[in-house]
Amino acid sequence: AMSKSAVKISSDLLSNPLCEQEPSFLEMVTAFDTAMKRMDSFNQEKVDWLWLGNGSAGSLFPSFFFPRFSSVFPSLNMAVKRREQTLQDYKRLQSKVEKYEEKERTGPVLAKLHQ
């Protein structure tokens, strides 16, 4: 979030009329803008690595992280299992809702849809 703010600030500075009047200011702001964009892309790569590190979307840590720390933090392992179970339940219920939304809107279907 911080790097996104810095990118926004740098792009706002580039659109400042002072950049047109002062070439040295434009050069400095352009360098700042480039640095902020590089920092943002670097941060995004790190976030993607944490989230997608083991090849499965939605996983917070790479697979090598858990064997080391699961014995130290057993509650973390349980929380991850609960999260995965909840995610599966959500997907299952979401598919049910989509199925009922596709059906004809009769009394029983509407009742099941609004449960």
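What counts and how
- Residues numbered from 1 in each chain as written.
- Predicted model: local features only at pLDDT ≥ 70, side-chain atom pairs only at ≥ 80, totals over all residues.
- Heavy atoms only, no water.
- UniProt positions renumbered as here; feature names shortened; annotations may be inferred.
- Helix = DSSP H or I, 4+ residues; strand = E, 2+ residues; numbered from the N terminus.
- Buried < 20%, exposed > 50% of the residue type's maximum accessible area, 1.4 Å probe, protein only.
- Areas by Shrake-Rupley, 256 points an atom, 1.4 Å probe, with all protein chains shown as cover.
- Salt bridge = Lys/Arg side-chain N within 4 Å of Asp/Glu carboxyl O.

- The name given to the protein chain in an unreviewed UniProt entry is BIN3 protein, and the organism recorded there is Prunella himalayana.
- UniProt annotates the protein chain under Subcellular location (unreviewed entry) with the comment "Cytoplasm".

## Let's talk about the overall build of the protein chain
So, step 1. Of the regular secondary structure elements, the protein chain holds six helices and zero strands.
So, step 2. Going from the N terminus to the C terminus, the protein chain shows its helices and strands as α-α-α-α-α-α.
So, step 3. When each of the 115 residues of the protein chain is scored for burial, the buried share is 14%.
So, step 4. Total accessible area computed for the protein chain in this model is approximately 9,100 Å², and 61% of it derives from carbon and sulfur atoms.

## Things to note about the UniProt feature "coiled-coil region" (unreviewed entry) in the protein chain
So, step 1. The UniProt feature table records "coiled-coil region" (unreviewed entry) at residues 76-103.
So, step 2. The span residues 76-103 shows a helical share of 96% and a strand share of 0%, and its end C-alpha atoms are spaced 41 Å apart.

## Considerations on the pattern of salt bridges
So, step 1. Overall, the coordinates contain three salt bridges when judged by the stated rule.
So, step 2. Between Lys37 and Asp33 there is a salt bridge, with its nearest N and O atoms 3.2 Å apart. On the criterion of helical spacing, the pair formed by Lys37 and Asp33 is a turn pair, its members being four residues apart in helix H3 (residues 23-52).
So, step 3. Residue Lys37 is classed as partly exposed on the basis of its relative accessible area of 44%.
So, step 4. In this structure Asp33 comes out as buried when scored by relative accessible area, which is 6%.

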